[in-house]
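These are the residues of each chain, in order.
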Amino acid sequence: KLGLGAYELDDVEWMLAAQLWDILMILKHTTLFFSCGTPNLVMVIPVMNHIDTIPLSISFTIFTNGIIKTKTLHPALRAALHIAKITLNRYYSLTNESETYWIAMVLHPSYKLDYFTSAGWQGEWISMAHDIVH
């Protein structure tokens, strides 16, 4: 015997691994999406918004907004997701400092100002996007 029994995962650790796998798959798909082909500015804002609305099979709630609050996730994973959301939002908020993202969205034939409206952006932000382009 090799004495590796002490390293065997218990039921809680297997549950954590399963929950973590679901979470990491979302991040993997996002990373691969931006790593393939030629991602452009117009892809950033919709993908960042999409990350906030992806349901996870383990909780049937929302990735960053609802899953952190759900009781189905282990507290350690909720804490890690909370930190990840803070970090993600810090980078996402930088798009507000660059008019380039807004211009790209408004001028893109598939999005225009309709994207901001359908994504639930505040009227003030939509007006600013309009004013920047015009």
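Here, the structure is the one placed above.
One structure accompanies this document, and this report is about it.

How each quantity is defined
- Residues numbered from 1 in each chain as written.
- Predicted model: local features only at pLDDT ≥ 70, side-chain atom pairs only at ≥ 80, totals over all residues.
- Heavy atoms only, no water.
- Patch = residues over 30% accessible without salt bridge, like charges linked within 9 Å, V, L, I, M, F, W, Y side chains within 5 Å.
- Areas by Shrake-Rupley, 256 points an atom, 1.4 Å probe, with all protein chains shown as cover.
- Salt bridge = Lys/Arg side-chain N within 4 Å of Asp/Glu carboxyl O.
- Lys, Arg positive; Asp, Glu negative; His and termini not counted.
- Charge placed at Lys NZ, Arg CZ, Asp CG, Glu CD.
- Helix = DSSP H or I, 4+ residues; strand = E, 2+ residues; numbered from the N terminus.
- Buried < 20%, exposed > 50% of the residue type's maximum accessible area, 1.4 Å probe, protein only.
- Phe/Tyr/Trp six-rings, centres within 6.5 Å; stacked < 30°, edge-to-face > 60°.
- Lys NZ or Arg CZ within 6 Å of the ring centre and 35° of its normal.
- Core = buried A, V, L, I, M, F, W, Y, C linked by side-chain atoms within 4.5 Å.
- Contact = heavy atoms within 4.5 Å.
- Axes fitted to C-alpha atoms, helices over the stretch in contact; angles between N-to-C directions.
- Parallel < 35°, antiparallel > 145°, perpendicular 65-115°, else oblique.
- Nonpolar A, V, L, I, M, F, W, Y, C, P; charged D, E, K, R; others polar.

The next point concerns a negative patch on the surface. Residues E8, D10, D11 and E13 make up a contiguous surface patch of negative charge. For E13, the location among the structural elements is in helix α1 (residues 11-35). Taking relative accessible area as the criterion, E13 reaches 36% and is therefore assigned partly exposed.

With that out of the way, let us pick up the packing of aromatic side chains. Under the defined criterion, the tally for this structure stands at 6 aromatic pairs. Ring centres of F116 and W121 lie 4.6 Å apart, and the angle between their planes is 55°; on these two criteria the pair is classed as tilted. Each member of the pair F116 and W121 is classed as buried. Each member of the aromatic cluster is reached from another via a ring pair, and the members are W102, Y111, Y115, F116, W121 and W125. Sitting over the face of the ring of Y91, R90 holds its NZ or CZ atom 5.3 Å from the ring centroid.

This part covers a nonpolar patch on the surface. A contiguous nonpolar surface patch, about 430 Å² in accessible area, is contributed by L2, L4 and Y7. Classification of L4 as exposed rests on a relative accessible area of 53%.

On to the nonpolar core, then. The biggest cluster of nonpolar side chains holds 15 residues, and the ones touching the most others in it are I45, M105, F116 and W121. Broken down by secondary-structure element, the contributors of at least two residues to this core are α2 (41-51), α4 (99-107), α5 (112-118) and α6 (123-133). Considering every element that reaches this core, the biggest residue donor is α4, with 5 residues. Beyond its immediate sequence surroundings of up to four residues, F116 is in contact with W102, M105, V106, W121, I126 and A129.

Moving on, we come to the packing of α4 against α6. At a closest axis distance of 9 Å, the pairing of α4 and α6 adopts a crossing angle of 85°. Considered as vectors, α4 and α6 are oriented roughly perpendicular to each other. On α6, the residues touching E99, W102, I103, V106 and L107 of α4 are W125, M128, A129, I132 and V133. Looking at the contact of α4 with α6 residue by residue, the class counts come to 9 nonpolar, no polar and 1 charged.

Note that every value here comes from positions in space, so none of it alone points to a role or purpose.
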